[in-house]
Amino acid sequence: MHLKAIWYISSWLVLILVGCTAPYDRPLPDYESELVVEAYVNQLNPLLNYAIITKSLPYYDKNFSVTAVTNATVTLFEGQMTDGEIQWKSNTIAFEPVSGIEGIFAPPISHPFLATVGHYYKLVVQSEGQTATSISYLPNVVPIDSIWVDNIFNPKADSTEPFLHFTFTDPGDFGNYYMVSDYRSSRSNFPFLWGAADRIAVTDDALFNGQTFAYGSIFPDDYNDTVNMYLISIDQQTFNYWQSYDAAQNNGGPFSQPINVKGTFDHARGVFQAMAIAYKKIIIQKP
Amino acid sequence: MKYNGALLFFVFNLLLAHDAFAQKKVSISGYVKDASTGEDLVGANIYVEELKTGVATNVYGFFSLQLLPGTYHLQITFLGYNTIEETLELKVNTTRTFQMQLADIQTDEVVITAERSDKNVQSTEMSKIEIQVEQLREIPVLFGETDIIKTIQLLPGIQSTGDGNSGFYVRGGGPDQNLILLDEAVVYNASHLFGFFSVFNADAIKNVSILKGGMPANYGGRLSSVLNIQLNDGNSKELHGKGGVGIISSRLYLEGPLKKDKSSFMIAGRRTYADVLAQPFLNDRVRGNRYYFYDLNAKVNYILNPNNRLYLSGYFGRDVFSFKDNTSKSLNPPTFNSDWGNSTVTLRWNHLFSDRLFSNNSFIYNDYKFTFGGGISQLNFKFHSAIKDLGVKSDFDYFLSNKVKLKFGGLATHHTFNPGAASVGLSDQEIKLTSQNRLAIELAAYLSSEVEVSDRLNITMGLRYSAFDAIGPYKEAVYDAITGAPTFDTLRYSKWQSMHWYHAWEPRLAFRYLTSPNSSIKGSLTKNAQYLHLASISGGTLPTDLWLPSSKYIKPQIAYQAALGYFRNLRDNKYESSVEVFYKPLKNQIDFMPGTNLFLADEIDRNVLIGKGLAYGLELFIKKVKGKLTGWIGYTLSKTTRTNPPLNNGNPYFPRYDRRHDVSVLATYHLNNKWKFSAVWVFATGIAYTPTVGRYFGNIGIEGINAQNIMPFFDVITIYPNEYNTARLKPYERFDISVIYKPEPKKEKWWNGEWNLSVFNAFNRKNPYFIYNDTDVEAGVNERKMVYFPILPSVSYNFKF
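It should be emphasised that the depicted structure is a prediction, and the values quoted were computed from it without experimental measurement.

Caption draft 1: Main features of the interface of chain A and chain B. At the junction of the two partners, chain A supplies 64 residues and chain B supplies 66 residues. In the side of chain A that touches chain B, the residues fall into 41 nonpolar, 17 polar and 6 charged.

So this is what it looks like as structure tokens:
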């Protein structure tokens, strides 16, 4: 046994040497900052129509704070498809800086705005002589059919654990795209900015076209949580953006090709998305 | 007539074949074998002194010479064996089996090359290297595991992408462009442990050769190389064994007669055991988790009569990985299980139609399977993918005369591609996803002749016809011809119905011109077609990679290669040297857009990007084959590019495995019968990669009650340049050493052992395998490199009985 232990320790000493990391020094590549826009319009909550304008940085820049752009002009156009062409309305909405938080622009509080299902929206951002444009379509709202909690007894933990479920029914036609998010808060039904919500999934309907689809929590939820659940219908380019966004989270390593996120703007990075939001709330209560 | 060349080829052969009918000749044919084991010796030379001509045994150990009746002095030579010299009076057709004795002591006088001493200069073949298995054992090894693929990576023109990859890249070809044959069966994934080790157990191997170019017509189906590995037949005289105990694995090999001089067997097994030994020392949480691999080679053969011999051989190997968190309080603790590996079976029948016509007929099965499954809490998942081949193949060697040798034959292979089936279960819902199986038939027929035009000029001409038919049953999605949008209609193909038919004529030409008795110029021109494609976005090989057939959207890959070389032996054949240049354009090279989903995508084909490639380079090779100090120096100067319009703005880019310079030095010093020392030094240009240039924040959120008390949320998104693979990792450099100590063998002792101490990467150079970014809000972003193997000593004990 003694010999075996020595053999084991010595061989594993060798093994643990495998796979180390070390700093890597090389000349840094040149890079010029670019405009980055993250903008949303929706049909449900006027406070969640906004644009965040920032600038990108060289990768190894020591600055790690958000580089907000404060001098941008942000204009929203609304239009409808007529005879195969989008006809834009002449009256536009000029976004204004949100006071107290740099880089955020929103429609004036005095003129609250809600997007309309079936309409197209164009966002034009101008800053430092550059103009970036993106167009997004607001699809139909697909409602959440039901939301409930399954309480399952776990003998290992000697307790009951809640698992949240909800269902929705996809319309029969192909080409529907969804973003599923939740926001756990008892204070507000919506986050202040969408990044505070958890993006659970971004999917198309290829696997469940025309069927009722059930989502369920993989891990147990927490009792007394207030869950605001959103089923957000989006257009294809927004779907492509989030698909590439999630794929880009795996950048790096020997087995991946580097992925640039497929932005929706012509001369800026980022996304402009029109969102058809279906909403339900549930409080997870002990049985 | 597009293929007038084919007609010319036959006429040329007929004109030269007159020698065969000019006078009545008799033949001497047979086999060359190891006297102690009965193993056929591949590439042994039979030389007729009077005629200054000779022949080498083919890959099955057979030879045939046509001579006028008379008395001849024959010399039979082979690696490390005592030369046989025999005088034969030849009156009628004669069959002989030469039994060669192993040379006891290798001195300066003993030839230790597998070929005749000047074969490097004399043979028409170029770009071909044979590796002696005994030499493999002397090369420094990683964890005590002798590795064929790591050894061939030391040859000029063959490159790797780093320590943790058993894939190899030949003259700018991708990892899927190498035909890897184990006893004629295709091995689709030749690595264990995600590429750290190859699947080939050196104990079971008789012969290894690699062809980098000038591929003769009897090989096809891949563009860049043929790695041909033959298993031992087994000792037909008496029972023997060998094996080894290493740090992570052990091996055992047994061989012996089933019926003396008639039938023999061999069986070889290998398994890693770190998982078993580690169990007692693991804590509760991870106890039961394991990774191991094992493989098994087996072969039997039976000599029915002098003209007929049967072989049955097989390989089975698996990598197994399992994980379970035993301490989890979750309803379903996290579990993960995966296994993958190859299986091959080859049934061969060697038949001698006459003393001039030899045939090998094979029935071949091979598959590669990958599965994983597991679960966590409410989620359960399973996945598997596979490729399976069933094939028949016949090859004929016709010794028309001593100046004309013909090879002809054909093959038919039925491929089944299973791109994947999966099920994902979440609480009360289960989703099953199944990609359709894809079926195909691959056919080929070839004719090749090696002609000695004059004392100086040898020409090998060949023509291969290959065809590929993707067949039903299959449901093919229909897309709008103009917009490319899905119509949601399907075309249904019935069983065996032809869907997409491709074919290609593949001419092969090689020549050798002797410029002096010890130097020659060689050249080759080849065209190759490849109908199978590896769908990989890693630029390397992984167990998860899928093989795809040519289809409506994926055209067969085509490569043309021109190579020219000067070969010269020096100092009485003590040194072999060569300079080769090659130029290799490639068509229909596949790639994918970054981020393409290859998982369970029925329509992967539609996401394939079809491009072209180009590789050219210079290879220098000098090898010392005699004396106490042996080894080689290889240098490659090459450039490889791919052009695929959607990538890199349509401009050529360097694939990951492009290396401008690649130097390998291998030296082995036989001090005496007890001590041998070996060293390897490798230096290569760093691999190509795309550097990060910028970053921005995405999915920005703020949580808080008021502006003074807020918490920002964001992701850091990396920005890459539009150009592809514009940067290089730092050069790769490694120095390995090994010492083999063999205690003096005692005649009465039935057991002989030797110790092998190896130090891999003895200078502890931290070669980057890849780089990644370590992001920290406080410390900023720092680039770091992942190093797989720093200095790594290992010891192994190998034995024979």
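Caption draft 2: Geometry of the sheet that holds strand β6 (residues 84-90) of chain B. Residues and elements named next belong to chain B. Taken in spatial order, the 4 strands make up an open sheet running β3-β2-β5-β6, and their pairing is antiparallel. The sheet terminates laterally at β3 (53-56) and β6, the two strands that pair on one side only. Averaged over all adjacent pairs, the angle separating strand axes in this sheet is 25°, with direction ignored.

Caption draft 3: Structural context of the sheet that holds strand β11 (residues 144-154) of chain A. All names here are of chain A. Pairing in this open sheet of 3 strands is antiparallel, and the strands run β11-β12-β15 from one edge to the other. The sheet is open, and its two edges are formed by β11 and β15 (212-216), each paired on a single side. For this sheet the average axis-to-axis angle between neighbouring strands, irrespective of direction, equals 25°.

Caption draft 4: Looking closely at the domain arrangement of chain B. All names here are of chain B. Looking at the assigned domains, one finds that chain B contains domain 1 (4-117), domain 2 (128-229) and domain 3 (691-724). Opposite the 5 residues of domain 1 that make contact, domain 2 presents 4 residues. A breakdown of the residues in the side of domain 1 that touches domain 2 according to their chemical character gives 3 nonpolar, 1 polar and 1 charged.

Caption draft 5: Summary view of the pairing of strand β27 (residues 438-452) of chain B. Residues and elements named next belong to chain B. Here β27 lies mainly inside the structure; 11 of its 15 residues are buried. Direction of pairing for strand β25 (residues 404-426) relative to β27: antiparallel, over a ladder of 14 bridges. Paired with His414 across the strands is Ile441, a residue of β27. Pairing geometry for β27 and strand β28 (residues 457-471), over 14 bridges, is antiparallel. Each bridged residue has a counterpart across the sheet, and for Glu450 the counterpart in β28 is Thr460. Here β27 folds back onto β28 in antiparallel fashion, the turn holding 4 residues.

Caption draft 6: Just the nonpolar core, in detail. With 91 residues, the main nonpolar core has Ile152, Leu181, Val187, Val226 and Ile229 of chain B as its most contacted residues. Residues within four places of Val226 of chain B in sequence aside, it is in contact with Leu179, Leu181, Ile210, Leu211, Met215 and Tyr219 of chain B. With 67 residues, the next largest nonpolar core counts Ala39, Tyr40 and Val202 of chain A together with Val781 of chain B among its residues.

Caption draft 7: Representation of the domain arrangement of chain A within the structure. All names here are of chain A. Once the domains are mapped, chain A shows domain 1 (35-137) and domain 2 (144-262 + 275-283). Computed from C-alpha atoms alone, the centre-to-centre distance between domain 1 and domain 2 is 24 Å. Across the boundary between the two partners, domain 1 contributes 9 residues, which contact 8 residues of domain 2. When residues of the side of domain 1 that touches domain 2 are traced back to their parent elements, those giving at least two are β2 (35-42) and β10 (130-137). In the side of domain 1 that touches domain 2, the residues fall into 5 nonpolar, 4 polar and no charged.

Caption draft 8: Structural view of the confidence of the model for chain A. All names here are of chain A. Mean pLDDT over chain A works out to 87, with 89% of the residues at or above the 70 mark. Mean pLDDT across the elements of chain A bottoms out in helix α1 (residues 2-16) (45) and peaks in β2 (97). In this model residues 1-17 is a low-confidence stretch, pLDDT under 50, and it forms 10 contacts with partners more than four residues away in sequence or in other chains.

Caption draft 9: Local environment of the pairing of strand β17 (residues 269-283) of chain A. Residue and element names in this part refer to chain A. Pairing analysis gives 7 bridges linking β2 to β17, with the strands arranged parallel. Bridge pairing in β17 places Tyr40 opposite Gln273. Here 8 bridges tie strand β16 (residues 226-234) to β17, and the two strands are oriented antiparallel to one another. Note that in β17 the partner of Leu231 across the bridge is Ala278.

Caption draft 10: Examining helix α2 (residues 236-248) of chain A more closely. Residue and element names in this part refer to chain A. Its 13 residues give α2 an end-to-end C-alpha distance of 18 Å, which sits within 8% of 18 Å, the value for a rise of 1.5 Å per residue. Among the residues of α2, those classed as buried are Thr238, Tyr241, Trp242, Tyr245 and Ala248. Looking down the long axis of α2, one finds its buried residues gathered within 120° of arc, a one-sided arrangement.

Caption draft 11: Focus on unusual backbone geometry. Residue and element names in this part refer to chain B. Of note, the bond from Gly472 into Pro473 is cis; its omega dihedral lies within 30 degrees of zero at 10°. Structurally, Pro473 is set in the loop between β28 and β29 (474-479). Residues other than glycine seldom take positive phi values, yet Asn573 does so here, at roughly 60°. Among the structural elements, Asn573 can be located in the loop between β35 (557-570) and β36 (575-592). Looking at Asn573, the number of C-beta atoms within 10 Å reads 18, which means it is partly exposed. Positive phi, close to 50°, is recorded for Asn725, a residue that is not glycine. When you line up the elements, Asn725 lands in the loop between β43 (710-719) and β44 (727-728).

Reading the values: the criteria
- Residues numbered from 1 in each chain as written.
- Chains lettered and ligands numbered in written order.
- Predicted model: local features only at pLDDT ≥ 70, side-chain atom pairs only at ≥ 80, totals over all residues.
- Contact = placed C-beta atoms within 7 Å.
- Nonpolar A, V, L, I, M, F, W, Y, C, P; charged D, E, K, R; others polar.
- Pairing = 2+ DSSP bridges.
- Helix = DSSP H or I, 4+ residues; strand = E, 2+ residues; numbered from the N terminus.
- Axes fitted to C-alpha atoms, helices over the stretch in contact; angles between N-to-C directions.
- Domains from an automatic or database assignment.
- Buried ≥ 20, exposed ≤ 12 C-beta atoms within 10 Å, placed from the backbone.
- Core = buried A, V, L, I, M, F, W, Y, C linked by C-beta atoms within 7 Å.
- pLDDT = per-residue confidence, 0-100.
- Expected span 1.5 Å × (residues − 1).
- Arc of directions from axis to C-beta.

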